[in-house]
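# Coordinates in review
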Amino acid sequence: MSTKQEQLKAIFIEEAGEIIEKLDVDILRFEENPTDFALLNEVFRGVHTLKGNANAFGFSRLGGFVHHFEDVLDHYRSTKESIEVEILELIVNSVDLIKETMTCELDALPTLPAAYESNLEAIKALIAFKKGKPVEPTATTTAPAVLGDLASEFGLGCTDQYEQLLTQAATLMATTQEGDERIWRIDLTLDSDSYRRGVDCFVFIALLGEKAKGIESVFDCEKIPALETFVCDQNFMQHIGIVVLTAQSRVEIEENFEFLEAHEYRITPIDAAPKVETQAVAVAQAPVEATTAVASSAKSTIRIDTNKLDELFDSVGELVIAQNFIAQNEKIHAIADESIGRTIETLSKITKRIQDRVMSLRMVAIRDTFDKMKRVVRDTSKKTGKALHLNVLGEETEIDKTMIDSLSDPLIHIIRNAIDHGLEADSAARIAAGKSVEGTITLRAFHKSGSIVISVSDDGRGINKAKVLQKAIAKGIVTADENLTDSQIFALIMQPGFSTADAISDLSGRGVGLDVVKTSIEKLRGKIEIESVEGQGTTFSMVLPLTLAIIDGMLVQAAGEIYIIPTLSVVESLRPEREIVHAFQEKGEFISLRGQHLPIVRLGAYFGHEERRIEPWEGILVCVETEMGRIALMVDELVGRQQVVIKPLGKALARQREISGGAILGSGDIALILNIDALSPHAIEMSHA
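Conventions and cut-offs
Residues numbered from 1 in each chain as written. Predicted model: local features only at pLDDT ≥ 70, side-chain atom pairs only at ≥ 80, totals over all residues. Heavy atoms only, no water. Helix = DSSP H or I, 4+ residues; strand = E, 2+ residues; numbered from the N terminus. Contact = heavy atoms within 4.5 Å. Areas by Shrake-Rupley, 256 points an atom, 1.4 Å probe, with all protein chains shown as cover. Buried < 20%, exposed > 50% of the residue type's maximum accessible area, 1.4 Å probe, protein only. Pairing = 2+ DSSP bridges. Patch = residues over 30% accessible without salt bridge, like charges linked within 9 Å, V, L, I, M, F, W, Y side chains within 5 Å. Salt bridge = Lys/Arg side-chain N within 4 Å of Asp/Glu carboxyl O. Expected span 1.5 Å × (residues − 1). Phe/Tyr/Trp six-rings, centres within 6.5 Å; stacked < 30°, edge-to-face > 60°. Lys NZ or Arg CZ within 6 Å of the ring centre and 35° of its normal. Axes fitted to C-alpha atoms, helices over the stretch in contact; angles between N-to-C directions.

### Details of the overall build of the protein chain
The secondary structure content of the protein chain amounts to 23 helices and 23 strands. For the protein chain, restricting intrachain contacts to residue pairs at least 6 apart in sequence, the fraction spanning at least 24 positions comes to 72%. By element, 54% of the accessible surface of the protein chain is carried by carbon and sulfur atoms, the whole surface being about 36,700 Å².

In structure tokens:
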């Protein structure tokens, strides 16, 4: 395969993935409203495009399946016949098979999905039934009818008519030519295997016509053989001429033929009447309304490799650091020149604007991810037999593209968990609790304090707090004398292997797998919060940063070093009164704050820096939320709050769990970003260091 073909195949794989994702969403919407035949048309168009492209790149098993599936869709969209529940289920399952078959094709697996053959046979049987059984041949034989020559019947035997018709079309179009419009001639010389590659000449004509003022096509029928020797999958109409009046450039026209070989098409501007040649022809005309205004106002997009975006983002990060260095440079501030100050201020505004624009390039609406979850809800509802309604809120909320893929698995597990173990097992239990028979799952995304929150709520039975605590004590995770808050108790269900379910299903379990969800979210520098009221329902909230490249942090100084605490973890900061600070033998220092005893961690001593030992009431305590509860970090000074560009650490520091990264400050100094959760296990030991 040539380099160009490899590139085109990569484009196909990417576009096929997008088509299949859209099919998955559209088919669910159609299932909810089976009379929306406009939506069925959308599904049909996606399947039709996928069929042609799959065959073009040798994915014959996928192409064969979608070919028959397309027939079913075409029947219903054409007849607008009502679709039975069983048929609707077959259509939905067929989309599943398309996804699975595509995976088999990409991985070059010799085997196909288990349901491939049975689903395909069901589709074939359905379309055969809808079209009626074929008529059985009778015993009487009749002489076959003699087919006439269509070219002769319609007076198309003129040897020069092919070029004559193209010339006439160009001449007629010239009378309506305006402004920057040009007349182009496209000659298609398609190979005999073009059908097997999924090439459809009428698609090219339709694509050109979408942005053309006028278009006419002429077909060469000279090489079409007699019916007795005709081969249906071989192209005999190998020469097609197209004349088009359009404002598009040559490059834009060429984009329509990117799946053809270079020798299969030729694009020529028409400035004079073309040379006449002798050939037999058939004609197809497609007048097109002027659509240049629509074309000019259409939204223009371009595909960009995400690696290039990452490089751009890194460069902008360096620019921000350099700008901060200039803005905070004492030598520059010492120059008493008003113009320099204005220039630095202008540079700061421009840098911030560039940073925001580049950030927005990586931000995408979470709508597509939520649409995928609708399928998860549907399938889980059917498998558990629980009637439910899905509410989706905040679909337009934007999140970093690099985080989207990592969110799917945790979100799927939480949703399955909410349906399988959150909602009551039967309708009688819901009615007895004064609820509707139909359960409710709410999927929501929103911004909160510089973070994005994605929550999954159910109106089910809630979490049995006493049962969770009892199980945690039995497993030795906590002790009976510990005074835990509700949120700390609920967080226990995310400990590895923890479960309160009486029976573990193959879908989910309270705690079974939730530790994996927790780990996945923490890799995204986020956290999970659980709220639950027994008998009323549960909410799992994933609190995430807006982007993985920039962090909003509080800068603190301890023993002469600058550290960055993620703002997401900070609860409050204070200089404590002497009366609320306590020291216990072998337990270290604690602070009593609103009924809670928080262990104090001296940050400077923790990292082994020499410091003049001061009392907690002489320093500043920053209360932070960790997975094991709140702790108080003792620092010397609060430097400020700032967004910083995260830089990866070298191999030597990468193993330090207490450090999650580094950042270059405007002064040029390097500050370490703290991993707060990794500090908590050492809180008691280090609090009296």
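### Topic: the pairing of strand E20 (residues 629-635)
Both faces of the sheet carry side chains from a regular strand, because those side chains alternate between them. Of all the seven residues making up E20, six are buried; the element is thus mostly covered by neighbouring parts of the structure. Sheet topology places strand E18 (residues 596-602) next to E20; three bridges connect them, and they run parallel. Its bridge partner lying in E20, arginine 602 is registered against methionine 634. Pairing of strand E19 (residues 620-626) with E20 involves seven bridges; the strand directions are antiparallel. Counterpart to valine 624 in the pairing with E20 is isoleucine 631.

### Section: a nonpolar patch on the surface
Where nonpolar side chains cluster on the molecular surface, the patch consists of Ile224, Leu227 and Phe230 and spans about 280 Å² of accessible area. In this fold, leucine 227 is placed in the loop between strand E2 (212-220) and strand E3 (239-246). Classification of leucine 227 as exposed rests on a relative accessible area of 60%.

### Overview of helix H7 (residues 161-174)
For H7, which comprises 14 residues, the first-to-last C-alpha distance of 20 Å matches the rise-based estimate of 20 Å (1.5 Å per residue) to within 8%. Of the positions making up H7, those classed as buried are Gln161, Tyr162, Glu163, Leu165, Leu166, Thr167, Ala169, Ala170 and Met173.

### As for the pattern of salt bridges
In the structure shown here, the tally under the stated rule is 38 salt bridges. As a salt-bridge pair, arginine 342 and glutamate 338 come within 3.1 Å of each other at their nearest N and O atoms. You can see arginine 342 and its partner glutamate 338 sitting in helix H13 (residues 338-361), four residues apart, about one turn around the helix. Given the relative accessible area of 62%, glutamate 338 is considered exposed. Between glutamate 396 and arginine 367 there is a salt bridge, and its shortest N-O distance comes to 2.0 Å. One end of the pair, glutamate 396, is in the loop between strand E7 (388-393) and strand E8 (398-400); the other, arginine 367, is in helix H14 (residues 367-384), and 29 residues separate them in sequence. Within this structure, Lys22, Asp26, Arg29, Glu42, Arg45, Arg367, Asp371, Lys374, Glu395 and Glu396 form a network of salt bridges that share partners.

### Some points on the packing of aromatic side chains
Taken as a whole and assessed by the stated rule, the structure comprises seven aromatic pairs. Ring centres of phenylalanine 30 and phenylalanine 37 lie 6.4 Å apart, and the angle between their planes is 65°; this geometry places the pair in the edge-to-face category. Neither residue differs from the other here; phenylalanine 30 and phenylalanine 37 are each classed as buried. Joined through ring pairs, the aromatic side chains of Phe204, Phe257 and Tyr265 make up one cluster. The side chain of arginine 182 reaches across the aromatic face of tryptophan 184, ending 4.9 Å from its centre. Note that arginine 444 overlies the ring of phenylalanine 446, its terminal NZ or CZ placed 4.1 Å from the centroid.

### Quick notes on the sheet that holds strand E16 (residues 581-584)
Ordered by their spatial adjacency, six strands build an open sheet running E15-E19-E20-E18-E17-E16, and the pairing between neighbours is mixed. Looking at strand neighbours, the two that pair on one side only are strand E15 (570-574) and E16, the edges of this open sheet. Shown here is a sheet whose adjacent strand axes are inclined to one another by a mean of 35°, direction ignored.

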